[in-house]
Amino acid sequence: MISQSSPTAIAADPSAPLAGNRTGNLTGKPLALDFSHRYQPPLALRNGLAMTLYIALWQGRHWQTQIQEPAPPYQDAYFQGDQAVPLFGQVAIPDRPQGPQGTIIATYGITGSLTNQWYLHILGRKAFSQGWAVVLFDWRAHGKTAQLSPTLTSDGLHEGEDFVQIAAQAKALGCPPPFWFVGYSLGGQLALWGVKATQDLSPASRALGLCPEDVGGAAVVCPSLDAQRSLQYLMQHPLGRHLERAIARSLQELAQDLATAHPGTLDPAAIARAQSIWGFDQELVIPRLGFASVADYYAASSPLPFLPQLQRPTFILYAADDPLFDPSLIPELQAISDRTPALHLCLTRQGGHVGYLSNPASQRASGDRDPWWAWNRVLEWCQCQSL
């Protein structure tokens, strides 16, 4: 079984009482720290692997029974990202007298599409109902974006600029600033690259009328921070290897779909050899990006080294029992947060990987009407930054 992370690396005391009320007067780091004491999972999901598997294998069939907000009236939109790569998205702008309070731009993790990423659509429903404009998009090589372009993933190296370009074009469509870049898992990694790209806006984004001040920052849930270390950690455990194989099969299917949509762009033999996450990047990704090795690619695309450079407010929700990531990252992440004013870390003892279902006591303590604790905290934090 995948081991639980060391208690010495966890900031929140599990015996600490939950805060009795919202603390909306708090902003930034104090608010993030307050969040960490509010979370409690259901009794059966106190193990990170159990939470992760429950979310991945069961909750997707029942999520609509646990949310009151309706689906936003999305309109299809086509954006142009970095390198002129076309990107498919969906946009919804609330019609309210005072206008939207800002815009959430978000995407999902390593595999999937807008048609099946229900966890992302929970965010969209909640954000829209609270008065945010919402932009959800299929990132490179995924969903309808894959039908538009054969361009493969780059794990943030180009997707960060994609976020910025989408913000610029969404502004032209009527989506108001501030723009908040949001994602989970690998999508969280991409959003972190987005807020980094904001610090040096491209001429293309400026030409569309985007200013650095238009981007509020980022809010990410269980982001991938160091690909090589976490992949090595995952492969050290039998269940971890099983999870890795499942992800690798999905990546291989993604490549096959790209090859079908764009004949002649991908080598069928290379797709056949891509039987692991590392193999997918080795056979298909790094040759197009010019890296000599997968290790070099992972070192270049992992966000952990540039977190201390971030200047825009950035909220990271991270579970110490996340079974997909190397627990040795936690003290490093804490140390970076302590010395980086813009970084607001909420480290919880439990939550799993992109799980964070809350029990009734946790819902009452946080003022929530549903168990979607992660998205409720993301939106609460973003709203406080906008005050």
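Each chain has its residues counted from 1, following the order in which its sequence is written. Residue-level local features of this predicted model are given only where pLDDT is at least 70; pairs of side-chain atoms are given and counted only at 80 or more, and the full residue set underlies all totals for whole chains, interfaces and linings. Calculation of side-chain values draws on the structure's entire complement of heavy atoms; hydrogens and water are dropped beforehand.

Colleague: Sorry if this is basic, but what is going on with the nonpolar core here?
Modeller: Nonpolar side chains in soluble globular proteins generally cluster together in the buried interior. The definition of a nonpolar core used throughout is a set of buried Ala, Val, Leu, Ile, Met, Phe, Trp, Tyr and Cys residues joined through side-chain atoms within 4.5 Å. Working definition: with a 1.4 Å probe on protein chains only, accessible area under 20% of the residue-type maximum means buried, over 50% means exposed, and in between means partly exposed. Counting 99 residues, the largest nonpolar core has Phe-181, Leu-307 and Tyr-318 as the members making the most contacts within it. The element best represented in this core is helix 15 (residues 373–386), accounting for eight residues. Setting aside chain neighbours within four positions, we find Phe-181 in contact with Ile-105, Phe-163, Val-164, Ala-167, Ala-191, Gly-194, Val-195, Thr-198, Val-215, Gly-217, Ala-218 and Ala-219. Core analysis: the second largest hydrophobic core is formed by 22 residues, Ala-227, Ile-247, Leu-251 and Val-285 among them. In DSSP terms, a helix is any run of H or I states spanning at least four residues, a strand is any run of E spanning at least two, and both are numbered starting from the N terminus. Any two residues whose heavy atoms approach within 4.5 Å are treated as being in contact.

Colleague: Even after reading the chapter, I still don't get helix 13 (residues 329–339), so can you show me in this structure?
Modeller: Think of an α-helix as turning once every 3.6 residues; residues three or four places apart then point the same way. Of all the residues in helix 13, the buried ones are Leu-329, Ile-330, Leu-333, Gln-334, Ile-336 and Ser-337. Buried residues in helix 13, looked at end-on, bunch into an arc of 165 degrees, giving them a common side. Among the exposed residues of helix 13, those oriented more than 90 degrees off its buried face are Asp-338 and Arg-339. Buried-residue contacts for helix 13 involve helix 1 (28–36), helix 8 (227–235), strand 7 (314–319) and strand 8 (343–348). To be clear, the arc concerns the directions from the helix axis to the C-beta atoms.

Colleague: What is the right way to read the pattern of salt bridges from this model?
Modeller: Between side chains of opposite charge, pairing is possible as soon as their charged atoms come close. The term salt bridge refers to a pairing of a side-chain nitrogen on Lys or Arg with a carboxyl oxygen on Asp or Glu at a separation within 4 Å. In this structure the tally under the stated criterion is 12 salt bridges. The partner of Arg-38 in a salt bridge is Glu-380, and the shortest N-O contact between them spans 3.3 Å. With Arg-38 in the loop between helix 1 and helix 2 (48–57) and Glu-380 in helix 15, the pair connects residues that are 342 residues apart, well separated along the chain. For the pair shown, Arg-38 and Glu-380 are each scored as buried. With a shortest N-O distance of 3.1 Å, Glu-69 and Arg-369 are connected by a salt bridge. Remark: Arg-369 occurs in the loop between helix 14 (360–366) and helix 15 and Glu-69 occurs in the loop between helix 2 and strand 1 (75–80); sequence separation between them is 300 residues. Exposure remark for Glu-69: the relative accessible area of 5% places this residue in the buried category. The class for Arg-369 is exposed, based on a relative accessible area of 52%. One network of salt bridges, in which partners are shared, links Asp-34, Arg-38, Asp-368, Arg-377 and Glu-380.

Colleague: It is not clear to me how the environment of Pro-212 should be interpreted in this structure. Could you clarify?
Modeller: Among the secondary structure elements, Pro-212 is positioned in the loop between helix 7 (203–207) and strand 6 (215–221). Residue Pro-212 is classed as partly exposed on the basis of its relative accessible area of 26%. Along the sequence, Pro-212 and Gln-59 sit 153 residues apart, while their C-alpha atoms lie 38 Å from each other. Every residue in contact with Pro-212, bar those within four places of it in the chain, is listed here: Thr-198, Leu-201, Arg-206 and Arg-312.

Colleague: Sorry if this is basic, but what is going on with helix 9 (residues 238–261) here?
Modeller: Each residue after the first adds 1.5 Å to the expected span of a helix. For helix 9, with 24 residues, the first-to-last C-alpha span of 35 Å sits near the 34 Å given by 1.5 Å per residue. When helix 9 is considered as a whole, its buried residues turn out to be Gly-240, Leu-243, Glu-244, Ile-247, Ala-248, Leu-251, Gln-252, Leu-254, Ala-255 and Leu-258. Turning to helix 9, the residues buried within the fold contact helix 2, helix 4 (143–148), helix 8, helix 10 (268–273) and helix 11 (277–289).

Colleague: Just to check I follow, could you spell out the sheet that holds strand 6 for this structure?
Modeller: Whenever strands of a sheet pair, they do so through backbone hydrogen bonds, lying parallel or antiparallel. Taking strand neighbours across the sheet as the criterion, the eight strands line up as 1-2-4-3-5-6-7-8 in an open arrangement whose pairing is mixed. Where the open sheet ends on each side, the last strands, each with one partner, are strand 1 and strand 8. Direction aside, neighbouring strands of the sheet carry axes that sit 20 degrees apart on average. Following DSSP output, two strands are said to pair if at least two bridges run between them. Inspection of the sheet shows strand 6 paired to strand 7 by four bridges, in the parallel sense. The partner of Ala-219 across the bridge, within strand 7, is Phe-315. Every axis corresponds to a line fitted to the C-alpha atoms, with the helix fit spanning only the stretch in contact, and the corresponding angles, defined between N-to-C directions, vary from 0 to 180 degrees. Against the sheet, helix 1 makes contact with strand 7 and strand 8, and its axis sits at roughly 10 degrees relative to strand 8, the strand it touches most. Of the strands in this sheet, strand 7 and strand 8 touch helix 13, which is tilted by about 145 degrees from strand 8.

Colleague: Help me understand the pairing of strand 2 (residues 86–92) in this model?
Modeller: Consecutive residues of a regular strand have side chains that alternate between opposite faces of the sheet. Across the seven residues that make up strand 2, a large majority, six, are buried. One ladder, built from six bridges, connects strand 1 with strand 2; its direction is antiparallel. Looking across to strand 2, one finds that Tyr-78 is bridged to Phe-88. Between the antiparallel neighbours strand 1 and strand 2 lie five residues, among them Gln-83 with a positive phi of about 60 degrees. Bridge analysis of strand 2 against strand 4 (residues 133–137) gives four bridges, and the strand direction is antiparallel. What sits directly across from Ala-92, in strand 4, is Val-134.

Colleague: For this particular structure, what's the right way to read the pairing of strand 4?
Modeller: Most of strand 4 is tucked away: five of the five residues are buried. Side chains Ala-133, Val-135 and Phe-137 of strand 4 all project onto a buried face; the interleaved residues Val-134 and Leu-136 project onto the opposite face, where all are buried too. Pairing geometry for strand 3 (residues 103–107) and strand 4, over four bridges, is parallel. Bridging across to strand 4, Thr-103 finds its partner in Ala-133. When the strands point away from the viewer and the path from the first strand over the helix to the second turns clockwise, the crossover is right-handed. In this fold, strand 3 hands off to helix 3 (residues 118–129), which returns the chain to strand 4; that crossover is right-handed.

Colleague: Is there a simple way to explain the environment of Pro-263 in this structure?
Modeller: Mapped onto the elements, Pro-263 comes out in the loop between helix 9 and helix 10. A relative accessible area of 67% places Pro-263 in the exposed class. Distance from Pro-263 to Pro-150, taken between C-alpha atoms, is 9.3 Å for residues 113 residues apart in sequence.

Colleague: Please clarify how the layout of surface pockets should be interpreted in this entry.
Modeller: It is a probe the size of a water molecule, rolled over the atoms, that shows where empty space is left. For the largest pocket, the calculated volume is near 1200 Å³. Residue lining of the largest pocket: 40 residues in total, with Ile-110, Thr-111, Ile-247, Leu-324 and His-353 positioned closest to the centre. Those elements giving two or more residues to the lining of the largest pocket turn out to be helix 2, helix 3, helix 6 (186–198), helix 8, helix 9 and helix 11. The element contributing the most residues to the lining of the largest pocket is helix 9, with six residues. Each residue is assigned to one of three groups, with Ala, Val, Leu, Ile, Met, Phe, Trp, Tyr, Cys and Pro labelled nonpolar, Asp, Glu, Lys and Arg labelled charged, and all others, Gly among them, labelled polar. Here the lining of the largest pocket is built from residues that sort into 23 nonpolar, 15 polar and two charged. Residues are said to line a cavity or pocket when one of their atoms sits within 4 Å of a point; the points come from a 1 Å grid over protein atoms alone, cavities being sets where a 1.4 Å probe fits but cannot get out and pockets being open sets with protein on both sides within 12 Å along at least five of seven lines. Grid points are joined across faces, edges and corners, and a volume is the space filled by probe spheres set on the points.

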